[in-house]
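Listed below, chain by chain, are the residues.
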Amino acid sequence: MTFTHPFMANSVDAIKQEMLDAIGAPSVEALFEQIPADHRTTRPFDLPPALRSEVALRRHLLSLLGRNQDCESNLSFLGGGCWQHHVPAICDEIAGRSEFLTPVWGTPSSDHGRNQAWFEFTSQLGELLEMEIVSLPVYSWGCAAGHAIRMASRLTGRRQVLVPRILCPERLSVIRNYCQPPAMPDHIDVVEIGFDAATGLLDLAELEARLSERTAAVYVETPNYLGLIETQAAAIARLAHAAGAEFIVGVDPISLGVLAPPATFGADIVVGTTQPLGVHMNCGGGTGGFIASRDEERYAREYPALLVSIAETTVPGERAFGLSLLHQSSYGSRENGKDWTGNSVYLWAISNAVYMSLMGPEGFREVGELIVQQAHYAARVLAAVPGVAVTFRGGFFKEFVLDFSGSGKSVQAINKALRAHGIFGGHDLSAAFPELGQSALYAVTEIHTRADIDRLAAALAEVLG
Amino acid sequence: MKAETGLRKYHAAVWDEPVVMEMGRPGRRGVTFPAAEDAVAQAVGAASDLLPAAMRRQTRPALPEMSEPDVLRHYLHLSQQTLGMMGINLFGTCTMKYNPRLGEALAARPEIAEMHPLQDEETLQGILKIVYDFDLMLRELSGMDRFVFQAAGGADAAYTHACVTRAWLAARGEIGKRDEIITSLQAHPCNPATAATAGFKVITLPLEENGYPSLDALKAAVSDRTAALMINNPDDMGIYNPDIKEWIRVVHEAGGLCFYDHANFNGVMSRLRARELGFDACMFMLHKTFGAPKGGGGPAVGAYGCSEELAPYLPQPLVSFDGGLYRLDHAGERSIGKVREFLGNLPVVLKAYAWTRSLGAEGLREAADLSVLANNYMEHELLKLRGVSRSHPHIDLWRMEMTRFSLGQVFEETGVSAMDIQNRMVDYGIDAFWLSHEPWIVPQPFTPEAGEMWSKEDLDNWIAVLGTVIEEAYADPDLVRTAPHNQAVHQIKAAPLEDPARWAMTWRAYLRKNSDR
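For clarity, every value in this text was computed on a predicted model and none was experimentally measured.

A. Spatial organisation of the overall build of chain B. Of the regular secondary structure elements, chain B holds 17 helices and 12 strands. Relative to the compact-globule value of 24 Å for 517 residues, chain B shows a C-alpha radius of gyration of 26 Å, a close match. Taken along the three principal axes of its C-alpha coordinates, chain B extends 80 × 65 × 45 Å. Put simply, chain B has 517 residues, and 68% of those count as buried.

B. Representation of the packing of aromatic side chains within the structure. For the coordinates displayed, the defined rule picks out 33 aromatic pairs over all chains. Ring geometry for A:Trp105 and A:Tyr331: centres 5.8 Å apart, planes at 65°, overall edge-to-face. You can see A:Trp105 sitting in the loop between helix H4 (98–101) and helix H5 (112–129) and its partner A:Tyr331 sitting in helix H11 (residues 330–333), a full 226 residues away along the chain. The class of A:Tyr331 is buried, set by a relative accessible area of 16%. A ring pair is formed by B:Phe147 and B:Phe284, whose centres lie 5.8 Å apart and whose planes are at 15°; its orientation type is stacked. With B:Phe147 in strand S1 (residues 146–148) and B:Phe284 in strand S6 (residues 281–285), the pair connects residues that are 137 residues apart, well separated along the chain. Classification of B:Phe147 as buried rests on a relative accessible area of 3%. Under the relative-accessibility criterion, B:Phe284 is labelled buried at 0%. Linked through ring pairs, B:Phe134, B:Phe147, B:Phe149, B:Phe265, B:Phe284, B:Phe290, B:Tyr353 and B:Trp355 together constitute an aromatic cluster.

C. View of the pairing of strand S2 (residues 180–184) of chain B. All names here are of chain B. Burial analysis of S2 places 5 of its 5 residues in the buried class, the great majority of the element. Burial of S2 is two-sided: the residues Glu180, Ile182 and Ser184 facing one way and the residues Ile181 and Thr183 facing the other way are all buried. In this sheet, strand S3 (residues 201–205) lies alongside S2 in parallel orientation, the contact comprising 5 bridges. Across the sheet, residue Thr183 finds its bridge partner in S3, namely Thr204. Pairing of S2 with strand S4 (residues 226–232), which is carried by 3 bridges, proceeds in the parallel orientation. When the bridges of S4 are listed, Ile181 appears paired with Ala228.

D. Representation of the layout of surface pockets within the structure. Roughly 1,200 Å³ of volume is contained in the largest pocket. Lining the largest pocket are 44 residues, with A:His427, A:Asp428, B:Leu118, B:Gln119 and B:His330 positioned closest to its centre. At the level of secondary structure, the elements contributing two or more residues to the lining of the largest pocket comprise helix H7 (169–179), helix H13 (411–419), strand S13 (423–424) and strand S14 (427–428) of chain A. Split by residue class, the lining of the largest pocket holds 18 nonpolar, 14 polar and 12 charged. In this structure, the second largest pocket encloses a volume near 1,000 Å³.

E. Representation of the sheet that holds S3(B) within the structure. All names here are of chain B. The 7 strands are arranged S1-S7-S6-S5-S4-S2-S3 in an open sheet whose pairing can be described as mixed. Unpaired on one side and paired on the other, S1 and S3 mark the two borders of the sheet. Pairs of neighbouring strands in the sheet enclose a mean axial angle of 20°, with direction left out of account. Two elements, S6 and strand S7 (residues 302–306), share 5 bridges in a ladder whose sense is antiparallel. Bridge pairing in S7 links Phe284 to Ala303. Running at roughly 125° to S1, helix H6 (residues 125–142) makes contact with S1, S6 and S7 of the sheet. Against the sheet, helix H8 (residues 190–197) makes contact with S2, S3, S4 and strand S5 (257–261), and its axis sits at roughly 155° relative to S4, the strand it touches most.

F. View of the confidence of the model for chain B. In the predicted model, chain B carries a mean pLDDT of 96, and the fraction of residues at 70 or more is 99%. Scored as a complex, the prediction yields pTM 0.98 and ipTM 0.98.

G. Region of interest: the interface of chain B and chain A. Chain B puts 213 residues into the contact, and the matching count from chain A is 202 residues. In total, chain B and chain A occlude about 18,600 Å² of area from one another, counting both sides; carbon and sulfur atoms represent 63% of this. Of all residues in chain B, the largest losses of buried area upon contact with chain A belong to B:Met55, B:Arg57 and B:Trp398, amounting jointly to 5% of the total for that side. Here chain B is connected to chain A by 19 salt bridges. Close ionic contact of A:Arg419 with B:Glu122 constitutes a salt bridge, the shortest N to O distance being 3.5 Å. Run the count over chain B and chain A and you get 109 residue pairs in polar contact (both at pLDDT 80 or more).

What counts and how
- Residues numbered from 1 in each chain as written.
- Chains lettered and ligands numbered in written order.
- Predicted model: local features only at pLDDT ≥ 70, side-chain atom pairs only at ≥ 80, totals over all residues.
- Heavy atoms only, no water.
- Helix = DSSP H or I, 4+ residues; strand = E, 2+ residues; numbered from the N terminus.
- Rg over C-alpha atoms; globule rule 2.2 N^0.38 Å.
- Buried < 20%, exposed > 50% of the residue type's maximum accessible area, 1.4 Å probe, protein only.
- Phe/Tyr/Trp six-rings, centres within 6.5 Å; stacked < 30°, edge-to-face > 60°.
- Pairing = 2+ DSSP bridges.
- 1 Å grid on protein atoms, 1.4 Å probe; cavity = no way out; pocket = protein on both sides within 12 Å on 5 of 7 lines; lining within 4 Å.
- Points joined across faces, edges and corners; volume = space filled by probe spheres on them.
- Nonpolar A, V, L, I, M, F, W, Y, C, P; charged D, E, K, R; others polar.
- Axes fitted to C-alpha atoms, helices over the stretch in contact; angles between N-to-C directions.
- Contact = heavy atoms within 4.5 Å.
- pLDDT = per-residue confidence, 0-100.
- Buried area = accessible area lost by both parts, 1.4 Å probe.
- Salt bridge = Lys/Arg side-chain N within 4 Å of Asp/Glu carboxyl O.
- Polar contact = N/O pair within 3.5 Å; in protein donor to acceptor, adjacent residues only side chain to side chain.

This is the structure in structure tokens:
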């Protein structure tokens, strides 16, 4: 006795029998003859009962989701690599189109529109970055940085990378995995460079002392993990290049309407996150990372990620879009390929393309200006709350560090108290950056209003009072 | 219906759509933002004064300037110029499935879309319960002791295994000594590739007559340098290795780990458990086997599961339940740390959980039954077509959920390649089929995978189209070689894609390289 499941057109007994008759098999079970008897499980599969009707399934799932507290019904200042930015409604509509949502692959002609949308992602990001090669995204910013460091190591034949001490701990952990543990033969040594306690910027003297003919790359971010704009970037580029190292810069692309693209201060490879460009946070599932460089063959030949190029078709004047250099990927060369590639976040690349088309140059300028003004306003208002200090007073973009050490309370306790006000306070930095005391990273974006910031200040005053 | 073939007529939308970089007019806007409120602006001054002078942007990015409706229409046109499973898509090795729209509707709600991964665990109780419960369900399906969803795709899960292997070796003082990972020629390329990226030497076993490497070849390959075996079973030819338990015994005896790449789980789900076969770890693709969308290549999830012995090395955090609250456990000094930031693509986990709950154990078995039945039905019908053969024709057993076919004879007799036939089939509304992973083991390969979602009528239609195109190849090979003819664009010229002087991965590069043309 079987059932007819709504997702399975052939789960009708008569159809199954028709197919069995066609092939001359006595039963469905007989088709599994390749699996030896002693490979088959003897214990029945004990899963929760099926919720075959959509009405029952929906009700169940809503009851689970109802246990979450989100950043729309609460006021959130969380950032640190995933941010609440405005997602224009048509980003969701386009990413939800079945033609983009459901399939996995297609040829340049069968899935022409998607290939074009991918090319529009790389092209628009290329304008923001002033770079001529942009890959389809990899899983995350950390993964992009890890791949870029490995690219630099292959390019230079060297096995050391200098990274800032001020780095997202999660991203650093990913980078360390990509660089392999020290006992492995291809290990890339990850050396942390400290920061100036007053400015939060990279310690140039330490960088200079550490640079050597062993250094494959210097990796810095701007804005950095604590939100600060790295004003020494051009000097860092000169130092890296003088040592024969590649200069890799990590960047938040939503800042590029107002901040200089890394190419202009000497970056060789640029990486960063795609999530701020029209993708919801999705509890961290909105992340994606990009890799970009100049259009030089030496760089092109080291990309592990997919590259989409424009090309002509067999009809004069007609254009299509296809994958370039696929043979150097793991799909083409297995273990001899450049790192590896697989399913990534290409649906989000379409959201990113839609977002950038909506923004244009003025949208990026406007959102950048609004963010930087609101973030600085927030820092000022919050600094006035007794027990709160702003660690680095200027030179930041959308994130800044609040030091609560003077209040005698822990960030953990403060955040718990803020939740009672419907506020998610900044991310606790005290474990990863003990030198900063009881500090938290606060993010302010275009979705916040002055009233939101004032409400946070009032709540903090009450919590700390 | 076309009278001459009895097949449905199909023609793609053709919009002659410009590249977005060529669109728009200066001054147009697709989204605007408010200026800072007066009190804000008065308090902090102009934005430009807040930014270090040396780091301010000097030039406007050359982005298109478009209105919102123009952007919407442009991308709707592009979606219409994408076949994208609007046709019949039997894309082998990827298990095309129906993606229930309930999952999409729920994942769009703020209770998941507007969640931040660094929220306090007390505010994440719903999604953590889903993660926790789905872990339990995958444990039941695999026999493994713990799952983690951080890996952002199947290849990332294979990479996770390579990292876990490193950490396990380090704990045993064997890192650097055990430096080889064994796989087979038919394993997905991600297995050797991720092993190599993680620093291992790769040993690839060739296939024997029976469709898988011989036990003797394995025995010759294993040694005190063996770190792990990474293998699929069944492989992409639909052949199941009946010696796999002995393989695992041999690798374990040599001191290595065994990883089951469950890319082809659809045909064996509900019939076996990886752990009961002896595997130490396995991977499921939630975007593939468990009904979540593929998104044209992600966001995806490679669910990685392992034995109790390997659990301490898993990426952090893991989700636990103390009877009252679901917790994020960051503890564990033996953990490999992170392979990707945050908790994983949790909306994908939500969708896979929803799909699995809608099927239950009985539904999973039905899906496996139907996918294997449909593949054998396809095989029976396809082998009737002129010039179609299959890999290992002498193996006279029912295949699993897919079979690798060859159009080598058609190519020899007509000069029409599998890729030409792929291009021509899209003229009939059939999504481009998958040829084969590298290396090809049969000439002119193609690998349809029927799965459980496509109706018998769809399968019959697919078969009829291939039959028609093969007849066309014999009657009028140029018609097929110049295909597609009914698509949004014609065949792309491949040479510029590989030529540094002509490739253009951005519009910026394209303009520079073509400014004199």
